[in-house]
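Working through the structure, step by step
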Amino acid sequence: MFAGQLNKGFRGSLVLIILIFAVSQILNYLALNPLEQEYYPNLFYNYFTHAISGKLLINLINFAFIALALVLVNQITAAQEIVEKQNYFPVFLFLLLSVVGANPVQISSQIFTNVFVLYAIYKLLATYRKEEVLKQIFEAAFWISVSAFITISSIISVPLFFVILLVLRPFHWREWVIALLGFFVPIFIYESMAYLSDFNQWYILDATALYFRSLKVPSFSEYFIPLSAALFLLLFISILHNLMRGFGTTVKKQRMKAILLWFLFFSTFGFFSGGANSSSIILTYAFPLSFFIGDFLFRLKQLKITNTILVLLVLCALVVFAGRLGMI
């Protein structure tokens with residue numbers, strides 16, 4: 001069933017990925033109830049989301065960025081040794097979590113942010129054991145800084161960036177200076193525009209302070225509870241499985257898994273951020289969840305068990321879609 005296709009790499013999984021993507025887009029377009037409302041405390045994103053109101057256009061934009069994120073996850077899977085190259089469970093799971101988290105009547109800010117953060121991570125991972133990587137480090141820092149203007153919760157990616165850099169590479173002061181410069185350039189461009197227009201200066205500092213002051217317990221929709229519970233249980237089992245079996249047979253795999261653990265840790269701030277809800281939390285954790293759980297499912301020897309778990313996850317996702325369609 002699902003497992004047999006996802007064990008065959010890109011060619012074996014392509015039809016299944018396209019099918020899930022197309023069906024989910026249709027279901028989202030037909031949705032009558034969004035279940036949750038997005039909260040936008042972000043300057044540029046506020047303007048952008050209110051400027052676009054057509055349901056068809058909103059869904060096209062959301063799924064276009066989901067497609068971009070899928071391409072990046074696929075590139076990370078193919079180019080880096082986080083999991084085996086034939087393992088397409090992470091791509092499938094990332095797609096499933098992304099389409100479930102996509103709001104049918106509003107542009108989902110976290111979907112936008114995921115694209116920039118994934119691109120930055122892709123650039124950083126490519127620096128492992130490479131020389132002359134200042135350009136990649138600058139680009140990664142630049143796009144993480146840009147993502148903070150879209151969704152301020154992405155500010156947690158700044159310390160994560162330096163942790164990843166320490167995990168992947170020995171300390172070189174030039175690389176850290178270039179990284180700081182990459183973070184500073186988007187802020188400088190914005191502040192220059194804000195100064196000339198005399199509008200909302202020092203936005204990133206004020207928004208960051210507000211973000212950490214507004215940390216609280218998130219709100220959960222009952223439609224997302226089965227999926228959230230299943231993901232939490234599978235993540236716990238996956239990490240336990242890694243601890244017992246080891247994080248990989250090579251140093252690179254071990255370092256990549258360590259990066260995923262750090263990603264989980266820093267995502268905790270997004271979990272408690274003001275305005276967080278079920279869909280935004282799932283989208284925030286989508287990247288590390290898909291790789292940890294995907295690796296665990298790939299290592300299972302019995303396809304029946306793997307298929308049963310995948311079917312349960314799909315059924316949990318269908319509960320969300322059924323709620324949006326007004327069926328339950």
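Residues numbered from 1 in each chain as written. Predicted model: local features only at pLDDT ≥ 70, side-chain atom pairs only at ≥ 80, totals over all residues. Heavy atoms only, no water.

**Digging into the overall build of the chain**
- Tallying secondary structure elements over the chain gives 14 helices and 0 strands in all.
- Mapped in sequence order, the helices and strands of the chain form the string α-α-α-α-α-α-α-α-α-α-α-α-α-α.
- Expected size for 328 residues packed as a compact globule is a radius of gyration near 20 Å; at 20 Å, the chain falls within 12% of this value.
- Each principal axis of the C-alpha distribution contributes one length, and for the chain these read about 60 × 50 × 35 Å.
- Considering the chain as a whole, with its 328 residues, one finds that 55% of them fall into the buried category.
- For the chain, the share of sequence-separated contacts (at least 6 apart) that also reach a separation of at least 24 residues comes to 83%.
- Between the mean site of the 21 positive side-chain charges and the mean site of the 13 negative ones, the chain shows a separation of 13 Å. (Helix = DSSP H or I, 4+ residues; strand = E, 2+ residues; numbered from the N terminus. Rg over C-alpha atoms; globule rule 2.2 N^0.38 Å. Buried < 20%, exposed > 50% of the residue type's maximum accessible area, 1.4 Å probe, protein only. Contact = heavy atoms within 4.5 Å. Lys, Arg positive; Asp, Glu negative; His and termini not counted. Charge placed at Lys NZ, Arg CZ, Asp CG, Glu CD.)

**Here we look at the confidence of the model for the chain**
- With 93% of its residues at a pLDDT of 70 or more, the chain has an overall mean of 84.
- Within the chain, the element-level pLDDT minimum falls on helix α3 (residues 43-51), averaging 65, and the maximum on helix α5 (residues 89-101), averaging 92. (pLDDT = per-residue confidence, 0-100.)

**Observations regarding the pattern of salt bridges**
- Following the criterion strictly, the structure yields 4 salt bridges and no others.
- Ionic pairing is found between E139 and K123, a salt bridge with its closest N-O pair at 3.2 Å. Of the two residues, E139 is situated in helix α7 (residues 134-150) and K123 in helix α6 (residues 109-125); the sequence distance between them amounts to 16 residues. Considered together, E139 and K123 belong to a single accessibility category, that of buried residues.
- A salt bridge links D295 to K257; its shortest N-O distance comes to 3.0 Å. Of this pair, D295 sits in helix α13 (residues 278-299) while K257 sits in helix α12 (residues 251-271), and the two are 38 residues apart along the sequence.
- Here D295 falls in the buried class, since its relative accessible area comes to 2%. (Salt bridge = Lys/Arg side-chain N within 4 Å of Asp/Glu carboxyl O.)

**Things to note about unusual backbone geometry**
- The phi dihedral of R129 is positive, around 55°, even though this residue is not glycine.
- Along the polypeptide, R129 turns up in the loop between α6 and α7.

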